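This is what each chain is made of:
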Amino acid sequence: LVGLSAFALVAAAVAWRVFRVSDLLTTGAGYSAQQTCSCLWVSGRTLESCETDLDPLARRLISMRLGPDEVTASGFGLATATARYEKGFGCSLRN
């Protein structure tokens with residue numbers, strides 16, 4: 001049992017590194033925040049409508065939090081991005 005647990009831990013670490021999961025989460029969070037911010041405040045659509053624009057996998061892996069004129073997206077709490085709307089300029093990522 002200990003050997004199997006050690007193998008699973010090493011396999012997870014290798015997969016994390018090989019597939020660059022942290023980079024994928026960062027990119028996914030940034031894209032989701034930017035896309036949703038623009039959809040909400042530039043296009044004037046509802047959150048439910050905007051969520052349909054995102055990839056089905058992103059809808060499951062990325063959580064959204066709305067603020068006043070901004071959207072914060074988080075991938076498992078490991079990668080976070082915030083897009084803020086500015087009238088006349090649209091949405092831009094803040095971090």
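Our structure is the block above this text.
What you are looking at is a predicted structure, and each value in this text was computed from that prediction instead of being measured.

A few words on the nonpolar core. Membership of the largest hydrophobic core comes to 14 residues, with the highest contact counts inside it found for Ala 33, Cys 37 and Ala 73. Listed by contribution, the elements that provide at least two residues to this core are α2 (21–42), β2 (70–75) and β3 (79–86). In terms of residues, this core owes the most to one element, α2, which gives 5 residues. Excluding its chain neighbours within four sequence positions, the residues that come into contact with Ala 73 are Ala 29, Ser 32, Ala 33, Ile 62, Ser 63, Met 64, Ala 79, Thr 80 and Ala 81.

Attention now goes to the state of the cysteines. Under the criterion given, the structure shown has 2 disulfides. Each sulfur in the disulfide pair Cys 37 and Cys 91 lies 2.1 Å from the other. Handedness here is read from the sign of the S-S torsion; for Cys 37 and Cys 91, about -80°, the answer is left-handed. Within this pair, whereas Cys 37 is found in helix α2, its partner Cys 91 is found in strand β4 (residues 90–93), the two being separated by 54 residues in sequence.

The subject of this paragraph is the environment of Glu 86. Checked against the element boundaries, Glu 86 lands in strand β3. A relative accessible area of 33% means that Glu 86 is categorised as partly exposed. In sequence terms Glu 86 and Trp 41 are 45 residues apart; their C-alpha atoms lie 9.1 Å from each other.

Right, let's get into α2. With 22 residues, α2 should reach 32 Å at 1.5 Å per residue; the first-to-last C-alpha distance of 31 Å fits that figure. Of the residues flanking the end of α2, it is Gly 44, one or two places downstream, whose phi is positive at about 75°.

According to the stated counting rule, one finds 3 salt bridges in the structure shown. We note a salt bridge from Asp 53 to Arg 45, for which the minimum N-O separation is 2.9 Å. According to the relative accessible area criterion, Arg 45 is partly exposed, its value standing at 31%. The shortest N-O distance in the salt bridge between Glu 70 and Arg 84 comes to 3.7 Å. Here the residue Glu 70 occupies a position in strand β2, and Arg 84 occupies one in strand β3, the gap between them amounting to 14 residues. In this structure Glu 70 comes out as partly exposed when scored by relative accessible area, which is 24%.

Judged by pairing direction, the sheet is antiparallel, and its 4 strands sit side by side in the order β1-β2-β3-β4 without closing on themselves. At either end of the open sheet lies a strand with only one pairing partner, and these are β1 (62–67) and β4. Mean inter-strand twist for the sheet, computed between neighbouring axes without regard to direction, equals 20°. Taken together, the 6 bridges between β2 and β3 define a ladder with antiparallel strand orientation. Each bridged residue has a counterpart across the sheet, and for Ser 74 the counterpart in β3 is Thr 80.

Reading guide: rules and limits
- Residues numbered from 1 in each chain as written.
- Predicted model: local features only at pLDDT ≥ 70, side-chain atom pairs only at ≥ 80, totals over all residues.
- Heavy atoms only, no water.
- Core = buried A, V, L, I, M, F, W, Y, C linked by side-chain atoms within 4.5 Å.
- Buried < 20%, exposed > 50% of the residue type's maximum accessible area, 1.4 Å probe, protein only.
- Helix = DSSP H or I, 4+ residues; strand = E, 2+ residues; numbered from the N terminus.
- Contact = heavy atoms within 4.5 Å.
- Disulfide = S-S within 2.5 Å.
- Expected span 1.5 Å × (residues − 1).
- Salt bridge = Lys/Arg side-chain N within 4 Å of Asp/Glu carboxyl O.
- Pairing = 2+ DSSP bridges.
- Axes fitted to C-alpha atoms, helices over the stretch in contact; angles between N-to-C directions.

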